[in-house]
Amino acid sequence: MSAITDLSICIRGFVNMNVPQVVETVVYACLGTLVTLVGVPTNIINCLLFWRQGLRDRMNVCLFSLSLAHGSFFVIVFFTFPVASIIRLHDLVLSQEYFSKVTLALTGVARGFYLTSSIINMAVAVDTCVCVVFPHRAASIMRTKTMASLIVSCFLLTQGCYVPFPFSYSAAKMSTVNCTYWFPVYTQFYDNNKLFLYLFRNVTLETVFPVVILTVVTVTTIVTVKTLRTAMMWRENTSCVANNIQRRQVALNKMLTMVAIVFIVTYIPHVACQLSFWFVVDRFSDSYVTDQFMAVISITSVVYQVNGCLNIFIYYHRSSRFREESHSLLRCLTSHPSDVTKVER
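Residues numbered from 1 in each chain as written. Predicted model: local features only at pLDDT ≥ 70, side-chain atom pairs only at ≥ 80, totals over all residues. Heavy atoms only, no water.

**Regarding the packing of helix α3 (residues 58-78) against helix α5 (residues 92-133)**
Worth spelling out the cut-off: To obtain each axis, a line is fitted to C-alpha atoms, and for helices this fit is confined to the stretch in contact; angles are then taken between N-to-C directions over 0 to 180 degrees. Helix and strand assignments come from DSSP, with helices taken as H or I runs of at least 4 residues and strands as E runs of at least 2, each series counted from the N terminus. By the definition adopted for this analysis, an angle is roughly parallel if under 35 degrees, roughly antiparallel if over 145, roughly perpendicular if from 65 to 115, and oblique otherwise. Take the far helix as the reference: if the near one is turned anticlockwise from it by less than a right angle, the crossing is left-handed, and if turned clockwise, right-handed. Note on contacts: a residue pair is in contact if any heavy atoms of the two residues lie within 4.5 Å. Residues are grouped as follows: Ala, Val, Leu, Ile, Met, Phe, Trp, Tyr, Cys and Pro are nonpolar; Asp, Glu, Lys and Arg are charged; every other residue, Gly included, is polar.
One way to put it is that α3 packs onto α5 with a least axis distance of 9 Å and a crossing angle of 155 degrees. In terms of orientation, α3 lies roughly antiparallel with respect to α5. Of the two elements, α3 crosses α5, and the hand of that crossing is left-handed. Where α3 abuts α5, its residues R58, M59, C62, L63, S65, L66, A69, H70, S72, F73 and I76 lie against L106, V109, A110, F113, Y114, T116, S117, I120, N121, V124, D127 and C131. Of the residues assigned to the contact of α3 with α5, the class counts are 15 nonpolar, six polar and two charged.

**Describing the pattern of salt bridges**
Any two side chains of opposite charge can pair, so long as their charged atoms come close to each other. Here is the rule we go by: The rule for a salt bridge is simple: a side-chain nitrogen of Lys or Arg has to be within 4 Å of a carboxyl oxygen of Asp or Glu. Each residue is placed in one exposure class: buried if its accessible area under a 1.4 Å probe, protein chains only, is under 20% of its type's maximum, exposed if it is over 50%, and partly exposed if it falls in between.
What the rule picks out here adds up to three salt bridges. When the shortest N-O distance is used, the salt bridge between R52 and E325 registers 3.3 Å. You can see R52 sitting in helix α2 (residues 19-53) and its partner E325 sitting in helix α13 (residues 320-334), a full 273 residues away along the chain. Judged by relative accessible area, which is 19%, E325 ranks as buried. Among the ionic pairs, R111 bridges to E206, the shortest N-O distance being 3.5 Å.

**A short note on the side chain of N121**
By secondary structure assignment, the location of N121 is in helix α5. With a relative accessible area of 4%, N121 lands in the buried category. For N121, the residues in contact, after removing those within four places along its chain, are L66, H70, V217, V259, F263 and N307.

**Considerations on the nonpolar core**
Heads up, the condition is: In these notes, a set of buried Ala, Val, Leu, Ile, Met, Phe, Trp, Tyr and Cys residues joined through side-chain atoms within 4.5 Å is what counts as a nonpolar core.
Ranked by internal contacts, the top residues of the largest apolar core, which has 29 residues, are F73, L115, I119, I213, V217, F263 and Y267. Secondary structure elements with two or more residues in this core: α2, α3, α5, α7 (144-161), α10 (194-238), α11 (244-279) and α12 (287-318). Looking at this core element by element, the count peaks at seven residues for α5. The contact partners of F73, leaving out residues within four places of it in the chain, are A110, F113, Y114 and Q305. The next biggest cluster of nonpolar side chains, apart from the first, holds 23 residues, and it includes I120, M147, V259 and L329.

**Focus on a nonpolar patch on the surface**
For the record, the criterion: For patch building, the residue pool is restricted to those with more than 30% relative accessible area and no salt bridge; the joining distance is 9 Å between like charges and 5 Å between nonpolar side chains (Val, Leu, Ile, Met, Phe, Trp, Tyr). Residue-level accessible areas treat just the shown protein chains as cover; the underlying method is Shrake-Rupley with a 1.4 Å probe.
Together, L195, Y198, L199, L275, W278 and F279 make up a nonpolar patch on the protein surface, roughly 630 Å² of accessible area in all. Elements with a contribution of two residues or more to the nonpolar patch: α10 and α11. Within the secondary structure, Y198 sits in helix α10.

**Some thoughts on the packing of α5 against α7**
Where α5 contacts α7, the two axes come as close as 8 Å, and the packing angle between them is 150 degrees. The pairing of α5 with α7 is recorded here as roughly antiparallel in orientation. Here α5 and α7 pass one another in a crossing that is right-handed. The segment α5 lies against α7, with V109, G112, F113, L115, T116, I119, I120 and D127 engaging M147, I151, C154, F155, T158 and Q159. A breakdown of the residues in the contact of α5 with α7 according to their chemical character gives nine nonpolar, four polar and one charged.

**Points about the packing of aromatic side chains**
Given two aromatic rings, one states the distance between the centres and the angle between the planes to describe the pair. The cut-off we apply is this: Only rings of Phe, Tyr and Trp enter the pairing, Trp through its six-membered ring, and a pair is recorded when the two centres are within 6.5 Å. The plane angle decides the type: under 30 degrees is stacked, over 60 is edge-to-face, the rest tilted.
For the structure on display, the rule yields 18 aromatic pairs. Aromatic pair F113 and F155: ring centres 5.5 Å apart, planes at 40 degrees, arrangement tilted. Of the two residues, F113 sits in helix α5 while F155 sits in helix α7, which places them 42 residues apart along the sequence. Among the residues examined, F113 registers a relative accessible area of 14% and is labelled buried. A relative accessible area of 31% places F155 in the partly exposed class.

**Looking at the side chain of T257**
The cut-off we apply is this: Polar contact is defined as a pair of N or O atoms within 3.5 Å, subject to the rule that within protein one atom must be able to donate a hydrogen and the other to accept it, and that residues adjacent in sequence are counted only when both atoms are side-chain atoms.
Note on placement: T257 falls in helix α11. Within the structure, T257 has its side chain in polar contact with the backbone oxygen of N253 (distance 2.6 Å). Among all residues touching T257, those that are not within four sequence positions of it are T128, T221, T224, V225 and L228.

Honestly, it's all geometry; don't read function into it.
Given below as structure tokens:
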């Protein structure tokens, strides 16, 4: 009986929601949960493998940091939108309370990791372009310690930019005769600094930064692809045979270019959605339009999260060194302790 009751509650919850709300719930509860469940372990594996390869290499530092940012983002996201959407299927009021309290506390941190991973993707695209266009000067232009310092500074800066977020909203409760609602409201801190917070967060962090990042990654990737194609055509025409180091460098650049292309494809919907805030004037004219707009936001956010799940497959398919390290790690994890003792003897 309990299973039938729970099923009836879930069905009743779906019936009481309109189509945009159903889309938002399904995207966050089903697709969002699936993406986070894939994203967390895959990025942990990425971090382990790049750690094993060594962090003295500049690109390993970038890819390790990118995987760490993605993994941290997925962990936080799992405890916000997917969990709230799953609770919503059973208890709408409880999901609103959970969403209002937990999400408002963690959204700033999640957005900080979100922006950090985007900036690291931009750094990887720029570094790849510099290595392809100026192959003999790339090492002198950017050293490993400098890149690591920039990434750490970027992380601290992005997290610091979202520090005011939890102080700008608070969870409020409104009870009526039939039901209870939980929703976020502006705090006195936000009212006192409304103009600054609006310009800094909505304009700078949520609009200007994404547009600049997408533009830089797109331009540098186009330059990288054209330069690589020209170099390969020159080698074919001159019958020049590349040595092993050159072949590995070309393979690495192709892998990083593929990472940049996947980032561009999954990042465009997010940037388009952010720009629509400025062009769709009547997006909050009524509740149904608002629900439609929020449903679109849920889809674009999950599309971008897919980027963090696909990188491991690109690394494995394009990098022989990554495959070797993954096989070595798998052997270490699956080997019996007695086998290790025999090898040591």
